[in-house]
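Examination of the molecular architecture
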Amino acid sequence: MPFKANAARHHRIPKQRHRVTNWAEYDTALRQRGSLTIWFSEEAITAWRAEPRTTRGGQPHYSALAIRTALTLRVVFRLALRQTEGLIGSILRLLGLDLAVPDHSTLSRRAEALEVPRPVSHGEPVHLLVDSTGLRLCGPGEWLAEKHGTCRRRSWRKLHIGIDADTGQILASELTSNDVDDGSQVEPLLDQITDSLASFTGDGAYDQAGIYATVTERHPEAEVIIPPRSTAVFSEDGETTPTQRERHLQSIAEHGRIGWQKWSGYNWRALVETAISRLKRVIGNALRSRADRRRITEVTIAVAALNKMLELGRPKSVRIA
């Protein structure tokens, strides 16, 4: 925000400098993210084959654990389904395990209704940061643009996420079409949060009266930190009994937008942009699945894999200039 507000003079603003205080541990964690060391516990081996179903219909050969394992490797190593089938078969042979390998057709079909566990609650109030980004769809349009340089408009989907500012974990995610408003997805994101909220922070796209009401109704103690629009005005009784939004307006009028950002803690919102950048660099910025329901499963597995990588270690930095 400071650079947007001072676009003509931002070259004069000194760049902040930080120093990582746990570089040895963080360096080890980064190497572990690319480790190919894979093992199967006895419980996983036992649960690889699906339990017989008691209802009508065909009997599944593979458990949800087996399908999640294969699809996780697919997302992390950015593979197609047939290559994923080959990777799983190679791993099982190297480990000497007599387990059946799910074929690519089964992986595609089972991804349609696969359930992926959500992040475990840690019981403390969460500082939730929300934002959205676009993910490309792989298909013939991408090939045409690369091969022939056509101007065909590329298809994409919008990913809405909510992260914990303290841990960096992505606690909630929603995949929608590209014409969906960011504010309309606040309620679905909050449905996935099991802990109480200490604060809810979003950019100007979330400056809607309904969002303040939704967050306050579910979490009365939560502070809603959203920058009001430049044309925002006080309500008739805003001077006597100001709402959270009107308190932000008062602070902006007294201290300016930059001062309001420091006072309210809005600068924390940069962490959700960092999380989006991390997701695209580590997992990728495109969806490989062809059906919307499978794309949702792909995103959910990608989020779970990224959260697992974060558990290995995160940098702890201090400002030095």
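For the structure, see preceding data.
**Digging into the overall build of the protein**
A tally of regular secondary structure across the protein gives 12 helices and 8 strands. The 321 residues of the protein split such that 39% are buried. Taking all contacts inside the protein whose residues are at least 6 apart in sequence as the whole, residues at least 24 apart take part in 64%. Accessible surface, the protein as shown: approximately 18,800 Å² in total, 52% of it carbon and sulfur.

**Structural notes on the side chain of Arg-295**
Counting through the fold element by element, Arg-295 comes out in helix α12 (residues 292–312). Discounting residues that sit within four places of it in the chain, Arg-295 has contacts with Leu-137, Arg-157, Leu-175, Leu-287, Ser-289 and Arg-290.

**Some thoughts on the pairing of strand β4 (residues 170–177)**
Counting buried residues along β4, 6 of its 8 residues qualify, which places the element largely inside the surrounding structure. Between strand β3 (residues 156–164) and the antiparallel strand that follows it, β4, lie 5 residues; Gly-168 among them carries a positive phi value of about 80 degrees.

**Quick look at the packing of helix α4 (residues 64–77) against helix α5 (residues 81–95)**
Direction vectors running N to C along α4 and α5 enclose 115 degrees, while the axes themselves pass 9 Å from each other. Taken together, the axes of α4 and α5 lie roughly perpendicular to each other. Crossing hand, α4 versus α5: right-handed. Across from Ala-70, Leu-71, Leu-73, Arg-74 and Phe-77 in α4, the residues of α5 making contact are Leu-81, Thr-84, Leu-87, Ile-88 and Ile-91. Broken down by class, the residue content of the contact of α4 with α5 amounts to 8 nonpolar, 1 polar and 1 charged.

**As for the pattern of salt bridges**
Tallying each qualifying case throughout the model produces 13 salt bridges. Ionic pairing is found between Arg-294 and Glu-112, a salt bridge with its closest N-O pair at 2.8 Å. On the criterion of sequence distance, the pair formed by Arg-294 in helix α12 and Glu-112 in the loop between α6 (104–110) and β2 (126–137) is long-range, its members being 182 residues apart. Salt bridges linked by common partners bring Asp-131, Asp-203, Arg-269 and Glu-273 together as one network.

**Some thoughts on the nonpolar core**
A general tendency of soluble globular proteins is for nonpolar side chains to be buried together. Counting 38 residues, the largest nonpolar core has Trp-48, Leu-71, Leu-159, Ile-161, Ile-163 and Val-299 as the members making the most contacts within it. In this structure, Ile-163 is in contact with His-127, Leu-128, Leu-129, Gly-168, Gln-169, Ile-170, Leu-171, Leu-271, Val-272 and Ala-275, ignoring residues within four places of it in sequence. In this structure, Val-126, Leu-128, Ala-172 and Val-215 belong to the second largest nonpolar core, which totals 18 residues.

**Things to note about α12**
The terminal C-alpha atoms of α12 lie 31 Å apart, and with 21 residues this matches the ideal 30 Å at 1.5 Å per residue to within 8%. Downstream of α12 by one or two residues, Gly-313 has phi in the positive range, about 160 degrees.

**Notes on the side chain of Gln-185**
Mapped onto the fold, Gln-185 is located in the loop between β4 and α8 (186–191). By relative accessible area, which is 10% here, Gln-185 ends up buried. Leave out the neighbours within four places in its chain, and Gln-185 touches His-160, Glu-174, Thr-176 and Val-180.

**Observations regarding the packing of α4 against α12**
Between α4 and α12, whose axes approach to 9 Å, the crossing angle comes to 75 degrees. The orientation of α4 relative to α12 falls into the category roughly perpendicular. On α12, the residues touching Leu-71, Thr-72, Val-75 and Val-76 of α4 are Thr-297, Glu-298, Ile-301, Ala-302, Ala-305 and Met-309.

**A few points about helix α11 (residues 270–282)**
In this model, α11 (13 residues) spans 18 Å end to end at C-alpha, consistent with the 18 Å of a helix rising 1.5 Å per residue. Within the span of α11, buried status applies to Val-272, Ala-275, Ile-276, Arg-278 and Leu-279. The arc that holds the buried residues of α11, viewed along the axis, is 160 degrees, so those residues lie on one side. Trailing α11 by a residue or two, Gly-284 shows a phi angle of about 125 degrees, which is positive.

**Some thoughts on unusual backbone geometry**
Phi at Arg-78 takes a positive value of approximately 55 degrees, unusual for a residue other than glycine. Position of Arg-78 relative to the elements: it lies in the loop between α4 and α5. Residue classification places Arg-78 among the partly exposed residues on the basis of a relative accessible area of 38%.

Reading the values: rules and limits
Residues numbered from 1 in each chain as written. Predicted model: local features only at pLDDT ≥ 70, side-chain atom pairs only at ≥ 80, totals over all residues. Heavy atoms only, no water. Helix = DSSP H or I, 4+ residues; strand = E, 2+ residues; numbered from the N terminus. Buried < 20%, exposed > 50% of the residue type's maximum accessible area, 1.4 Å probe, protein only. Contact = heavy atoms within 4.5 Å. Areas by Shrake-Rupley, 256 points an atom, 1.4 Å probe, with all protein chains shown as cover. Pairing = 2+ DSSP bridges. Axes fitted to C-alpha atoms, helices over the stretch in contact; angles between N-to-C directions. Parallel < 35°, antiparallel > 145°, perpendicular 65-115°, else oblique. Left-handed = near helix turned anticlockwise from the far one by under 90°. Nonpolar A, V, L, I, M, F, W, Y, C, P; charged D, E, K, R; others polar. Salt bridge = Lys/Arg side-chain N within 4 Å of Asp/Glu carboxyl O. Core = buried A, V, L, I, M, F, W, Y, C linked by side-chain atoms within 4.5 Å. Expected span 1.5 Å × (residues − 1). Arc of directions from axis to C-beta.

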